[in-house]
Amino acid sequence: MTAHNNPKYLLFHNTKNQELTVRSDDTQSQEYCTFSYPPDLPPNAWFTQSNGLVCLSTMFDYVYQYNPAIYLWNPLVQKFKTVPDTPLPRFKVNQTWWNALAFGFLPEVNDYVVVHMIKLRSNPALNLTRDTYKQYPHTVMIGVYSLNTNSWKKICQDKVFVDRVTSKESGFVNGRAFWVGRNDNGLHQLVMFFDTKTNVLRQIEVPYWGGFYSPLFLPFRQAIACFVVGDAVFENYEDLEEDDESYSPHLNIWVIKGGMTDELSWEKKISATLGENVGTQILGTRNNETLVLLDNN
């Protein structure tokens, strides 16, 4: 969370109490203020924030019978608005492989965007099956909302085939909305991202990280990054041997290299051993640059 004038702030989301706490972005991290959800907003809704605005949705709450309502909330002025209905048709759960949502800020045009995507399980008009639906176009339906125009645009693509999105969580950096998914019956983990500047959807398998901790995917600088923090990080399966030095807390960071047309790859940016008192749980990044870790003490 940032302000246009100094100082900058960090936003903490308390999911148990449905509260937001704003703290100063400095070494003291002093509490600035606390906000509760407005009573008109749904509790326990999908939540993400970008540059001071909060996006909430009931899209993933089956209590609402797939009511894809989306809200934008400014906690500092305690105002919110309901986003117009997504242009994507409403499908039953058994008609889609996955449903994904993301939200972010575009500083180049001073605009906020919501990205909604659906992967169809089949097309009733073509009577497709799981084995044949990839042969047909328009199997990925994408809606992009602009706050500046208060309107959606609809896009269809068929070049990314992700069997499932493994989490409702999403990220947004440098105009790219991204999610984590799996292919080939869950054997291969990947990152799928949609570039709101070029309207191109792509995917890349995650790097092999070794060890026993699941990777975390966050914005880092101006790239999508893969973070692994744990007691052991190995480069190859052959290295999985007893080694006292391998079991000290360690951090590896990879970032995606490549644009929207050239080949994608991962570049390792950081590989470092952490101090004994440094926590292994990543809470997030500050200004997409500095890691925020949970203190073990």
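The protein chain carries the name F-box associated beta-propeller type 3 domain-containing protein in an unreviewed UniProt entry, which gives Heracleum sosnowskyi as its organism.

Here we have 3 strands laid out as an open sheet, ordered β1-β2-β3, and antiparallel in their pairing. Every interior strand has two partners, whereas the edge strands, β1 (9-14) and β3 (31-36), have only one. Between one strand and the next, the sheet's axes are offset by a mean angle of 20°, whatever the strand orientation. With 5 bridges joining them, strand β2 (residues 19-24) and β3 adopt antiparallel strand pairing. Paired with Arg23 across the bridge in β3 is Glu31.

Moving on, we come to the pairing of strand β7 (residues 79-82). Pairing of strand β6 (residues 70-74) with β7 involves 4 bridges; the strand directions are antiparallel. Note on β7: the bridge partner recorded for Tyr71 is Thr82. In this antiparallel pair of consecutive strands, β6 and β7, the connection spans 4 residues, and Gln78 shows a positive phi of 55°.

A contiguous nonpolar patch, built from Tyr32, Leu76 and Val77 and spanning about 320 Å² of accessible area, is present on the exposed surface. For Val77, a relative accessible area of 49% gives the class partly exposed.

So, about the sheet that holds strand β11 (residues 151-157). Taken in spatial order, the 4 strands make up an open sheet running β8-β9-β10-β11, and their pairing is antiparallel. Two strands in the sheet have a free side with no partner beyond their single neighbour: β8 (96-106) and β11. Averaged over all pairs of adjacent strands, the angle between their axes in this sheet comes to 15°, without regard to strand direction. Inspection of the sheet shows strand β10 (residues 140-146) paired to β11 by 7 bridges, in the antiparallel sense.

Take the pattern of salt bridges next. Following the criterion strictly, the structure yields 3 salt bridges and no others. The salt bridge partner of Arg176 is Asp195, with a shortest N-O separation of 3.6 Å. Of this pair, Arg176 sits in strand β14 (residues 176-183) while Asp195 sits in strand β15 (residues 188-195), placing them 19 residues apart in sequence. Neither Arg176 nor Asp195 differs from the other in exposure class; each is buried. We note a salt bridge from Glu267 to Lys269, for which the minimum N-O separation is 3.9 Å.

Basis of the calculations
- Residues numbered from 1 in each chain as written.
- Predicted model: local features only at pLDDT ≥ 70, side-chain atom pairs only at ≥ 80, totals over all residues.
- Heavy atoms only, no water.
- Pairing = 2+ DSSP bridges.
- Helix = DSSP H or I, 4+ residues; strand = E, 2+ residues; numbered from the N terminus.
- Axes fitted to C-alpha atoms, helices over the stretch in contact; angles between N-to-C directions.
- Patch = residues over 30% accessible without salt bridge, like charges linked within 9 Å, V, L, I, M, F, W, Y side chains within 5 Å.
- Areas by Shrake-Rupley, 256 points an atom, 1.4 Å probe, with all protein chains shown as cover.
- Salt bridge = Lys/Arg side-chain N within 4 Å of Asp/Glu carboxyl O.
- Buried < 20%, exposed > 50% of the residue type's maximum accessible area, 1.4 Å probe, protein only.

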